[in-house]
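Observations on chain architecture
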Amino acid sequence: MDRCGRCKNEKTPLFKMSRLNSLLCSSCFEDYYERKVKNTVLKYGMLNGVNKLAIAASGGKDSMALLKVFSELFPHIKFAVIHLNLGIPGHSDECIKVVEKFCIENSIELLVYDLKKYHGYTIGDLSNLKNNKRICGVCGIVKRHLMNKVAYENGFDTLATGHNLDDVVEILFNLYLNGNVEEMSRIKPVAPSMNPKLIRKIKPLIEVTDQEDLYYVISKNLDYASSECPLIKGSRMVERKNLILRIEEEIPNFRYRFLKTHLKRFLPILKEHSQPITLRECDVCSMPSVGSICSFCKLSSRILNWVENA
Ligand code: AMP
Ligand code: FES
Ligand code: ZN
């Protein structure tokens, strides 16, 4: 009979922990996960000086795990939830339902921002484009801009996202591969605000894995959007995540070591050599931008063009 590697009980369900190379029962696993997240939040001072916190929740396993673990660990800290309705057929409706249900059941304020309503297109519209490998990148620009905008316009000073270790290592892997030094220096557990309109961002799940987030929502019996984003299939992002898991089979703890090396060895050097970026206001949306028009507004007008001519 299988036993929990910690308490030695034969309780079910038992989770196969690839990082610990052992099995854990539900209560030992929850204890492990919550300690890990708490340790991350405290170690990086994520809640220092926070007055008004928002959590960006897509309805997927990571952000639902984040909402739950945060409520468990810091019950005295009030937060609101931001959800972007991206209009992805067969996916977005389920996502919004899951987030709404959690917020109603836990009396949490929910702000829903509808991409179609305010910008005239959906991410679903992009599925007709020829080069669908790029959709996730395009969608990423839209999400980053809108999450920040909604948080800023509603007076939040900190925005937490559900990016986990797999997400961050995948992003870093690609940036290192392409030598994108500027972007690399922005990948960290806490991204301070560089401009009054750029909200401070925190990643409380940066040290837990995809698998651990999934186990946590299962163990806590939480609803999460079971449908995967249909546009993600065949994307380079998924290919890279799978490649990284294969590397981890050969180099144990590869993801964590990669993150640590980035934070401890490279970030200080990158910081020393990086030039401060001068930001101005975008002529279209008045949010911070390097050029006269921000990347989101440039992209939005291109997308509207594509959609109209598709
Ligand atoms: P992803 O870019 O899909 O890996 O998501 C990373 C994080 O961004 C999630 O854990 C959420 O915190 C946030 N996020 C992604 N999509 C949405 C969405 N539609 N609404 C709100 N937050 C989102
Ligand atoms: Fe962005 Fe699927 S959620 S491409
Ligand atoms: Zn703009």
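Our structure is the block above this text.
Quick summary incoming for the structure in this document. (Residues numbered from 1 in each chain as written. Chains lettered and ligands numbered in written order. Predicted model: local features only at pLDDT ≥ 70, side-chain atom pairs only at ≥ 80, totals over all residues.)

1. Let's talk about the overall build of the protein
Of the regular secondary structure elements, the protein holds 11 helices and 10 strands. Here the C-alpha radius of gyration of the protein, 20 Å, is about what a compact globule of 310 residues would show, namely 19 Å. Along the three orthogonal principal directions, the C-alpha set of the protein runs to about 65 × 45 × 40 Å. Within the protein, residue pairs in contact and separated by at least 24 positions form 71% of the contacts whose partners lie at least 6 positions apart. (Helix = DSSP H or I, 4+ residues; strand = E, 2+ residues; numbered from the N terminus. Rg over C-alpha atoms; globule rule 2.2 N^0.38 Å. Contact = placed C-beta atoms within 7 Å.)

2. Comments concerning helix 8 (residues 210–219)
Those residues of helix 8 lying buried are Glu212, Asp213, Tyr215, Tyr216 and Val217. Considering only its buried residues, helix 8 is in contact with strand 1 (14–17), helix 1 (26–43) and helix 2 (61–73). Looking one or two residues beyond helix 8, the residue adopting positive phi is Asn221, at roughly 60°. (Buried ≥ 20, exposed ≤ 12 C-beta atoms within 10 Å, placed from the backbone.)

3. Notes on the site of ligand 1
As a matter of local geometry, ligand 1 sits amid 16 residues, with Ala56, Ser58, Leu84, Thr161 and Gly162 nearest to it. Tallied by class, the residues present in the shell around ligand 1 amount to 6 nonpolar, 7 polar and 3 charged. (Near = placed C-beta within 6 Å. Nonpolar A, V, L, I, M, F, W, Y, C, P; charged D, E, K, R; others polar.)

4. Concerning unusual backbone geometry
In this model, Ser107 sits at a positive phi of 50°, which is unusual for a non-glycine residue. Structurally, the position occupied by Ser107 is in the loop between helix 3 (92–105) and strand 5 (110–114).

5. Digging into the nonpolar core
Of all hydrophobic cores here, the largest spans 68 residues; its most connected members are Ala54 and Ile55. Residues within four places of Ile55 in sequence aside, it is in contact with Leu66, Leu67, Phe70, Phe79, Val81 and Ala160. (Core = buried A, V, L, I, M, F, W, Y, C linked by C-beta atoms within 7 Å.)

6. Quick look at the sheet that holds strand 7 (residues 190–191)
Ordered in space as 5-4-3-6-8-7, the 6 strands form an open sheet in which the pairing is mixed. The outermost strands of the open sheet, each flanked by one partner alone, are strand 5 and strand 7. By the bridge criterion, 2 bridges tie strand 7 to strand 8 (residues 200–202) in an arrangement that is antiparallel. Paired with Ala191 across the two strands is Lys201, which belongs to strand 8. (Pairing = 2+ DSSP bridges.)

7. Things to note about the packing of helix 1 against helix 2
To describe two helices that pack against each other, one gives the angle between their axes and the distance between the axes. Here helix 1 crosses helix 2 at 80°, and the two axes come no closer than 10 Å. It follows from the interaxial angle that helix 1 and helix 2 lie roughly perpendicular. Residues Tyr33, Glu34, Val37 and Lys38 of helix 1 touch helix 2, and the partners they reach there are Val69, Glu72 and Leu73. Residues that form the contact of helix 1 with helix 2 fall into these classes: 4 nonpolar, no polar and 3 charged. (Axes fitted to C-alpha atoms, helices over the stretch in contact; angles between N-to-C directions. Parallel < 35°, antiparallel > 145°, perpendicular 65-115°, else oblique.)

8. Thoughts on the pairing of strand 1
As paired strands, strand 1 and strand 2 (residues 22–25) are joined by 4 bridges and run antiparallel to one another. Bridged to Phe15 within strand 2 is Leu24. Following strand 1, the chain reverses through 4 residues before pairing antiparallel with strand 2; Asn21 in that reversal takes a positive phi of roughly 55°.

9. Here's the deal with the environment of Phe29
Considering the arrangement of structural elements, one finds Phe29 in helix 1. Of the residues examined, Phe29 has 23 C-beta atoms within 10 Å and is grouped as buried. On a C-alpha basis, the gap between Phe29 and Glu212 in space is 8.8 Å, while along the polypeptide they are 183 residues apart. Phe29 has contacts with Phe15, Leu24, Tyr215 and Ser219, leaving out every residue within four places of it along the chain.

10. Description of helix 5 (residues 135–153)
For helix 5, which comprises 19 residues, the first-to-last C-alpha distance of 27 Å matches the rise-based estimate of 27 Å (1.5 Å per residue) to within 8%. All of the buried residues along helix 5 are Ile135, Cys139, Val142, Met147, Asn148, Val150 and Ala151. Just beyond helix 5, the residue with positive phi is Gly155, at close to 75°. (Expected span 1.5 Å × (residues − 1).)

11. Some details on the environment of Val37
Mapped onto the fold, Val37 is located in helix 1. In this structure the C-alpha to C-alpha distance between Val37 and Leu86, which are 49 residues apart in sequence, comes to 28 Å.

12. Quick look at the environment of Met194
Relative to the helices and strands, Met194 resides in the loop between strand 7 and strand 8. Look at Met194 and you get partly exposed, because 13 C-beta atoms sit within 10 Å. Along the chain, Met194 and Leu304 lie 110 residues apart, while their C-alpha atoms are 30 Å from each other.

Without other data, these values stay purely geometric and don't point to any function.
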